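# Notes for the structure review
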Amino acid sequence: EVVTVSLDGVLANDVSGPIAIRKFKEAGFQKVFDPERIYLVNDHFAPNCSTTAATQSKAVRVFAEEQNIPNFFDVGRMGIEHALLPEQGLVYPGDLVVGGDSHTCTYGAMGAFSTGMGSTDIGVAIGAGKIWLRVPQAKKFIFEGKPGKYVMGKDLMLYTIGQIGVDGALYMTMEFAGEAIRDLSMDSRFSMCNMAIEAGGKNGVIEADEKTQAFIDEHGKPGRTMVRYQSDSDADYAATYCWNVDDMEPVVACPGSPQNVC
């Protein structure tokens, strides 16, 4: 099914942003759909190491000033965008967020739907506040047992990619569930959903729970509420995998591919 969706947030950075801004203007937009829901982060080329990098960063800076965008993060205020947005209380469970970066899928760790897009799409999203999506099929990954002391979300995700390959979830939702997932910290959950794209996924998602609520309590904005979505008990999955992690050891990816794990 192809749907047109309203957006809760749109992210761009100093790589994707300048192209998106150009496409925004070429499409005839004068104003962004909501300055509060545009997130601009100069985190790839800043601090600048060349005139080219400085030009990229300046284009984002000027646009933020023109459009009165409060959530613009520049040198001295910025950080890695996918850690920054949740920590700033800009992404909530139940949100639908798109970004001009492939790892925008990170926010699924909070029970949001988030995915990366190309700069043309982001330019339109910034102006219209809407975008079209093809609803992805889903694969479910259930992790039972209790991870050992040194086994974290990164290990679970690399193990998963080692099992299904870098094309094992092409344009699919990767839903992570089970006792071991509930045991993970928010940092580990962010790491897992961040790497959905490394398996070809459209997005990764983990159901919001008490740990998510605690994170929101610490980082959230006054007046905002979280929406907790759950999969139906009879949900139809393209495939379901179930692994026990009691005896799992830490996992690393060797050169060449994220699926080349040991």
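Our subject is the structure that appears above.
Report follows, based on the coordinates. (Residues numbered from 1 in each chain as written. Predicted model: local features only at pLDDT ≥ 70, side-chain atom pairs only at ≥ 80, totals over all residues. Heavy atoms only, no water.)

Here we come to the environment of Y237. With respect to the element layout, Y237 can be found in the loop between α8 (210–219) and β11 (239–244). The class of Y237 is buried, set by a relative accessible area of 18%. Once the C-alpha coordinates of Y237 and E175 are considered, the two residues, 62 residues apart in sequence, prove to be 9.7 Å apart. Each residue touching Y237, except ones within four places of it in the same chain, is listed here: A138, K139, K140, E175 and S231. In terms of polar contacts, Y237 uses its side chain to reach the side chain of E175, at 2.8 Å. Reaching out from Y237, the side chain makes a polar contact with the side chain of S231 at a distance of 3.3 Å. (Helix = DSSP H or I, 4+ residues; strand = E, 2+ residues; numbered from the N terminus. Buried < 20%, exposed > 50% of the residue type's maximum accessible area, 1.4 Å probe, protein only. Contact = heavy atoms within 4.5 Å. Polar contact = N/O pair within 3.5 Å; in protein donor to acceptor, adjacent residues only side chain to side chain.)

Okay, the sheet that holds strand β9 (residues 172–177) next. To summarise the sheet geometry, strands pair through backbone hydrogen bonds and adopt either a parallel or an antiparallel arrangement. Across the sheet, 4 strands lie side by side as β10-β9-β8-β11; this open sheet has parallel pairing. In this open sheet, the two strands that pair with only one neighbour each are β10 (203–206) and β11. Strand after strand, the sheet turns through a mean of 20 degrees between neighbouring axes, direction not considered. The pairing of strand β8 (residues 137–144) with β11 spans 6 bridges and is parallel. If you follow E144 over to β11, its bridge partner there is N244. Together, β8, β9 and β10 form the strand contacts of helix α7 (residues 186–194), whose direction differs from that of β10 by roughly 150 degrees. (Pairing = 2+ DSSP bridges. Axes fitted to C-alpha atoms, helices over the stretch in contact; angles between N-to-C directions.)

Here we take up the sheet that holds strand β6 (residues 113–116). What the 5 strands build is an open sheet, ordered β4-β3-β2-β5-β6; its pairing is parallel. Single-partner strands in this sheet number two, and they are β4 (72–73) and β6. Where strand β3 (residues 38–41) meets β4, 2 bridges bridge the pair, whose relative direction is parallel. When the bridges of β4 are listed, L40 appears paired with F72.

A word on the pattern of salt bridges. Under the definition given, this model contains 8 salt bridges. Measuring nitrogen to oxygen at the nearest pair gives 3.9 Å for the salt bridge that ties E66 to K25. One end of the pair, E66, is in helix α2 (residues 51–66); the other, K25, is in helix α1 (residues 17–26), and 41 residues separate them in sequence. Across the salt bridge formed by D183 and K146, the nearest N and O atoms sit 2.9 Å from each other. With D183 in helix α6 (residues 179–183) and K146 in the loop between β8 and α5 (153–164), this residue pair connects regions lying 37 residues apart in the sequence. Ionic contacts of the salt-bridge type, sharing partners, join the residues R22, K23 and E26 into one network. (Salt bridge = Lys/Arg side-chain N within 4 Å of Asp/Glu carboxyl O.)

Our next topic: the pairing of β10. Of the two faces of β10, the one carrying N203 and V205 and the one carrying G204 and I206 are both buried. Judged from the 4 bridges that link them, β9 and β10 form a sheet pairing that is parallel. Bridging from a neighbouring strand, F176 pairs with I206 of β10.

One pass over the structure, following the stated rule, counts 0 disulfides. C105 supplies the cysteine sulfur nearest to C193, a cysteine that is in no disulfide, at a spacing of 7.5 Å. Accessibility expressed as a relative area gives 0% for C193, which makes it buried. Sulfur of C254: no disulfide; nearest cysteine sulfur belongs to C262 and is 3.4 Å away. (Disulfide = S-S within 2.5 Å.)

The next point concerns the packing of α5 against α7. At their nearest, the axes of α5 and α7 sit 7 Å apart, and the two run at 25 degrees to each other. For the element pair α5 / α7, the angle class is roughly parallel. Crossing of α5 against α7: the hand is right-handed. Residues G153, K154, L156 and M157 of α5 form the contact with α7, whose own contacting residues are S188, S191 and M192. Here the contact of α5 with α7 is built from residues that sort into 3 nonpolar, 3 polar and 1 charged. (Parallel < 35°, antiparallel > 145°, perpendicular 65-115°, else oblique. Left-handed = near helix turned anticlockwise from the far one by under 90°. Nonpolar A, V, L, I, M, F, W, Y, C, P; charged D, E, K, R; others polar.)

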